[in-house]
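Examining the three-dimensional arrangement
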Amino acid sequence: MAKRDYYEILGVSKNASASELKKSFRQLALKYHPDKNPGNKEAEEKFKEAAEAYEILNDSDKRNLYDQFGHEGLKGRGFGGPRGFEDIFSNFGDIFGEFFGGGQSRQRQGADLRSDIDITFEEAAFGAKKEIDVRKHAGCEACSGSGCKKGTSPVICHTCRGTGHVVRSQGFFSLQSPCPDCQGTGQKIAYPCGKCHGEGVVVVNKKIAVNIPAGVDEGSRLRLSNEGAAEPGLPPGDLYVFIHVEAHEFFHREGQDIYCRLNISFSQAALGAEIEVPLLDGKTSIINVPAGTTYGDSHRIPGGGSRKLRGHGRGDQIIQMIVDTPKDLTKRQEELFKELSEIDGKDTKDTLKGFFQKLMG
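Residues numbered from 1 in each chain as written. Predicted model: local features only at pLDDT ≥ 70, side-chain atom pairs only at ≥ 80, totals over all residues. Heavy atoms only, no water.

Turning our eyes to something else, we now look at the overall build of the protein. Across its full length, the protein carries 10 helices and 15 strands. By the burial criterion, 35% of the 361 residues in the protein qualify as buried. In the protein, the share of contacts with a sequence separation of at least 24, taken over all contacts with a separation of at least 6, comes to 62%. Carbon together with sulfur atoms contributes 50% to the accessible area of the protein, which is approximately 22,800 Å² in total. (Helix = DSSP H or I, 4+ residues; strand = E, 2+ residues; numbered from the N terminus. Buried < 20%, exposed > 50% of the residue type's maximum accessible area, 1.4 Å probe, protein only. Contact = heavy atoms within 4.5 Å. Areas by Shrake-Rupley, 256 points an atom, 1.4 Å probe, with all protein chains shown as cover.)

On to the packing of helix 3 (residues 41–57) against helix 4 (residues 60–69). Packing of helix 3 against helix 4 brings their axes to within 6 Å, and their N-to-C directions diverge by 100 degrees. Taken together, helix 3 and helix 4 sit at an angle that is classed as roughly perpendicular. Two secondary-structure elements touch here, helix 3 through Glu 55, Ile 56 and Leu 57 and helix 4 through Lys 62, Arg 63 and Tyr 66. Classifying every residue of the contact of helix 3 with helix 4 gives 3 nonpolar, no polar and 3 charged. (Axes fitted to C-alpha atoms, helices over the stretch in contact; angles between N-to-C directions. Parallel < 35°, antiparallel > 145°, perpendicular 65-115°, else oblique. Nonpolar A, V, L, I, M, F, W, Y, C, P; charged D, E, K, R; others polar.)

Sheet topology places strand 12 (residues 273–278) next to strand 13 (residues 284–289); 6 bridges connect them, and they run antiparallel. The residue bridging Ala 273 from the neighbouring strand is Val 289, located in strand 13. Connecting strand 12 to the next strand, strand 13, in antiparallel fashion are 5 residues, including Gly 282 with a positive phi near 95 degrees. (Pairing = 2+ DSSP bridges.)

Moving on, we get to the sheet that holds strand 1 (residues 113–119). Here we have 3 strands laid out as an open sheet, ordered 1-9-8, and mixed in their pairing. At either end of the open sheet lies a strand with only one pairing partner, and these are strand 1 and strand 8 (221–224). Strand-to-strand, the axes of this sheet are offset by a mean angle of 25 degrees, without reference to chain direction. In this structure, strand 1 lies alongside strand 9 (residues 239–245), joined through 7 bridges in parallel fashion. Paired with Arg 114 across the strands is Tyr 240, a residue of strand 9.

With that settled, consider a nonpolar patch on the surface. Taken together, the side chains of Phe 266, Leu 329, Phe 337, Leu 340 and Ile 343 present a nonpolar region at the surface, about 450 Å² in accessible area. Looking at the nonpolar patch element by element, the count peaks at 3 residues for helix 9 (residues 331–344). Checked against the element boundaries, Phe 266 lands in helix 8 (residues 266–271). (Patch = residues over 30% accessible without salt bridge, like charges linked within 9 Å, V, L, I, M, F, W, Y side chains within 5 Å. Salt bridge = Lys/Arg side-chain N within 4 Å of Asp/Glu carboxyl O.)

This brings us to helix 2 (residues 18–32). An α-helix turns once per 3.6 residues; consequently, residues spaced three or four apart project the same way. Compared with the 21 Å implied by 1.5 Å per residue over 15 residues, the 21 Å span of helix 2 between its first and last C-alpha is a close match. Taken residue by residue, helix 2 has Leu 21, Ser 24, Phe 25, Leu 28, Ala 29, Leu 30 and Tyr 32 as its buried positions. (Expected span 1.5 Å × (residues − 1).)

Bringing unusual backbone geometry into the picture now. Phi at Arg 161 takes a positive value of approximately 60 degrees, unusual for a residue other than glycine. With respect to the helices and strands, the residue Arg 161 is situated in the loop between strand 3 (155–156) and strand 4 (165–170). Taking relative accessible area as the criterion, Arg 161 reaches 75% and is therefore assigned exposed. Positive phi outside glycine occurs at Asp 328, with the angle close to 50 degrees. Tracing the sequence through the fold places Asp 328 in the loop between strand 15 (317–323) and helix 9. Residue classification places Asp 328 among the exposed residues on the basis of a relative accessible area of 75%.

This part is about the pattern of salt bridges. Following the criterion strictly, the structure yields 14 salt bridges and no others. The residue Glu 8 makes a salt bridge to Arg 4 at a minimum N-O spacing of 3.7 Å. Overall, Arg 4 belongs to the partly exposed group, its relative accessible area being 32%. Two residues, Arg 4 and Glu 49, come together in a salt bridge whose shortest N-O distance is 3.0 Å. Here Glu 49 lies in helix 3 and Arg 4 lies in the segment before helix 1 (6–10), a separation of 45 residues in the sequence. What makes Glu 49 partly exposed here is its relative accessible area of 23%. Members of the salt-bridge network, linked through shared partners, are Arg 4, Glu 8 and Glu 49.

For the structure on display, the rule yields 4 aromatic pairs. Taking the centre distance of 4.7 Å and the plane angle of 40 degrees together, the rings of Tyr 6 and Tyr 66 count as tilted. In this pair, Tyr 6 is assigned in helix 1 and Tyr 66 in helix 4, connecting sequence segments 60 residues apart. In this pair, the class of Tyr 6 matches that of Tyr 66, namely buried. Among the aromatic side chains, those forming a connected cluster through ring pairs are Tyr 6, Tyr 7 and Tyr 66. (Phe/Tyr/Trp six-rings, centres within 6.5 Å; stacked < 30°, edge-to-face > 60°.)

Locating Glu 123 in the fold gives a position in helix 7 (residues 121–126). Polar side-chain contacts of Glu 123 include one of 2.9 Å to the backbone nitrogen of Thr 120. Within the structure, Glu 123 has its side chain in polar contact with the side chain of Lys 130 (distance 3.3 Å). Every residue in contact with Glu 123, bar those within four places of it in the chain, is listed here: Ala 128, Lys 130 and Ile 212. (Polar contact = N/O pair within 3.5 Å; in protein donor to acceptor, adjacent residues only side chain to side chain.)

Below is the structure:
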C-alpha cells in the first residue's frame with residue numbers, strides 16, 4: 001500500500017510554518033491518542049502516521065529531501081519515522097508533556113549513549129546477533145549506588161540542616177541559593193565507599209548483546225533501554241545503536257528488493273540459455289534466459305530478497321542482464337560474425353557508410 005502524502009496527513013499546505021505543523025499535529029494527537037482510543041487499531045495507526053509526518057516535516061533537512069524526492073528520497077537514510085509508541089513519546093516527550101499536562105514526559109534518567117556498528121549486507125537482510133563493547137558509568141555494586149561505605153548511611157548536612165539551600169541576608173533582602181557543602185541534596189556522605197569514592201557510579205567496560213532485526217538498512221537505529229550511562233540517584237539512560245551496512249561486491253539493495261547484474265554472451269542472449277546464479281542466502285538457482293534477450297532485460301525471483309523489517313515475507317531478487325560485447329576475437333570467431341553479418345544482409349562497411357551519409361546530411 002502506497003504511503004500517503006505527509007502534508008495531506010497533517011492537513012496543511014506545503015508552505016506551512018513550524019507553528020502550523022505543530023498545531024495540526026497537536027489536534028491529531030489529541031484525537032487519536034491511544035489513551036483516548038483504547039483497543040482502536042485504526043486510531044493507533046493514524047496516531048503513528050501523524051507522528052511520522054510531523055517528524056519528517058518538522059526537520060528542515062528531512063523536509064527538503066521529502067519536498068524534492070517524496071518518500072523515495074528518505075529511503076536508506078534512516079528517516080523512517082517513529083517505530084512505536086515508546087519511540088514516539090521519547091522523540092516528542094516535550095510536546096506530549098505540553099499537550100497532556102506532562103503525563104507523557106520522560107522520567108529523569110542518566111545520559112543516553114550512542115554506539116555505531118558495522119554489519120554485513122547479509123546480516124542486514126536476514127538479521128544477526130552481535131556484541132558491542134561500551135565504556136560507560138554504571139551504578140557502583142559495592143554500595144548499590146549510594147556512595148556510602150557498606151553499613152553506613154548519608155548524614156544530614158549541618159550547613160543547610162537538610163534543606164538543600166542556604167539563605168543570606170543583604171540589607172532588606174534575603175537571597176536563597178543551593179547549599180555549597182551538599183550541592184543542594186541536603187545530605188553528606190560521612191564515610192565514602194572505597195570503590196566509587198562516594199560518587200555512587202564507576203566507569204565500566206561492558207559487553208552488550210545486540211539483536212539486529214532482519215530487514216534493517218543503512219542508518220537504522222536501535223534503542224536499548226537502560227543500557228546508557230548511570231548518574232547518582234538516577235536510573236541509566238538508553239543506548240542508541242546506529243547501523244552501518246557494508247557494501248556487497250555482487251548485490252545491491254533497493255528497499256527490500258535485491259539487485260544483481262548477470263553478464264551473458266551474445267550467443268546466450270540470441271539463442272537463450274540456462275544459467276546458474278547465486279542467491280543472497282548462499283544458495284543458487286537456475287534461471288532461463290529467453291532467446292532474444294537484450295541489454296537491460298531483467299529476471300525476477302520472487303522471495304529472493306531481504307526480509308521485511310515489519311511484517312512477514314521477503315522482497316524479490318532482480319537479475320539485470322548485461323550482454324557482453326566480445327573482444328579480441330579469434331580468426332574463427334571473426335569468420336562466424338562476418339558470415340552472420342552476410343546472412344543479416346548488413347555488411348559492416350555498408351552500415352558505417354550509410355551512417356556517415358545520414359550524419360553528413
